[in-house]
Amino acid sequence: MEERITSRKNPLLQQVKKLLTSRKEREEAGLYAADGTKLLQEAAKYADLHTAILSDGVEAVLPAHVRLIRVPGDVMESISPMRSPQGALFLCRLPEKSAFVPQKGMLL
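Small disclaimer: the values here were computed from a predicted structure and weren't measured.

Draft legend 1. Fine view of the overall build of the chain. The secondary structure content of the chain amounts to four helices and five strands. Ordering the α and β elements of the chain from the N terminus gives β-α-α-β-α-β-β-α-β. Seen through its principal axes, the chain has C-alpha atoms that stretch 55 × 30 × 25 Å. Looking at the 108 residues of the chain, the share that counts as buried comes to 35%. In the chain, 56% of the contacts between residues at least 6 apart in sequence involve partners at least 24 apart. For the chain, the accessible area works out to roughly 7,400 Å², and carbon and sulfur atoms hold 52% of it. Computing the positive centroid from 16 side-chain charges and the negative centroid from 13, the chain places the two 5 Å apart.

Put into structure tokens, the structure is as follows:
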């Protein structure tokens, strides 16, 4: 289901803005944020995609479980860290941290 947000002061958009600028926020939320349509398509295939925020007119093929949010272009410009936003921001869950265990035959 697609949602629409038009306010720059929306709590979700404020959270995304923090995630894009603060490592501490990303670690606490267990999420990371990225920008770009090509990266979004790769994340849809290979990452644990959580939420996608798209500008009007930008299309993407996403798994059914992904929360899709549409925003006007000026709102995207206000939250994107890029000077020329591509119209797609997205959140993915951080992978679980696990200890590296060397195995027989590995070259380090």
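From this point, the discussion proceeds with the structure in view.
Draft legend 2. Helix H3 (residues 37-46), seen in detail. Listed in full, the buried residues belonging to H3 are Leu40, Ala43 and Ala44. The buried residues of H3 occupy an angular sector of 100° when projected down its axis, which confines them to one face. In H3, the exposed residues that point more than 90 degrees away from the buried face are Lys38, Lys45 and Tyr46. Packing partners of the buried residues in H3 comprise strand E3 (49-55) and strand E5 (88-93).

Cut-offs applied
Residues numbered from 1 in each chain as written. Predicted model: local features only at pLDDT ≥ 70, side-chain atom pairs only at ≥ 80, totals over all residues. Heavy atoms only, no water. Helix = DSSP H or I, 4+ residues; strand = E, 2+ residues; numbered from the N terminus. Buried < 20%, exposed > 50% of the residue type's maximum accessible area, 1.4 Å probe, protein only. Contact = heavy atoms within 4.5 Å. Areas by Shrake-Rupley, 256 points an atom, 1.4 Å probe, with all protein chains shown as cover. Lys, Arg positive; Asp, Glu negative; His and termini not counted. Charge placed at Lys NZ, Arg CZ, Asp CG, Glu CD. Arc of directions from axis to C-beta.

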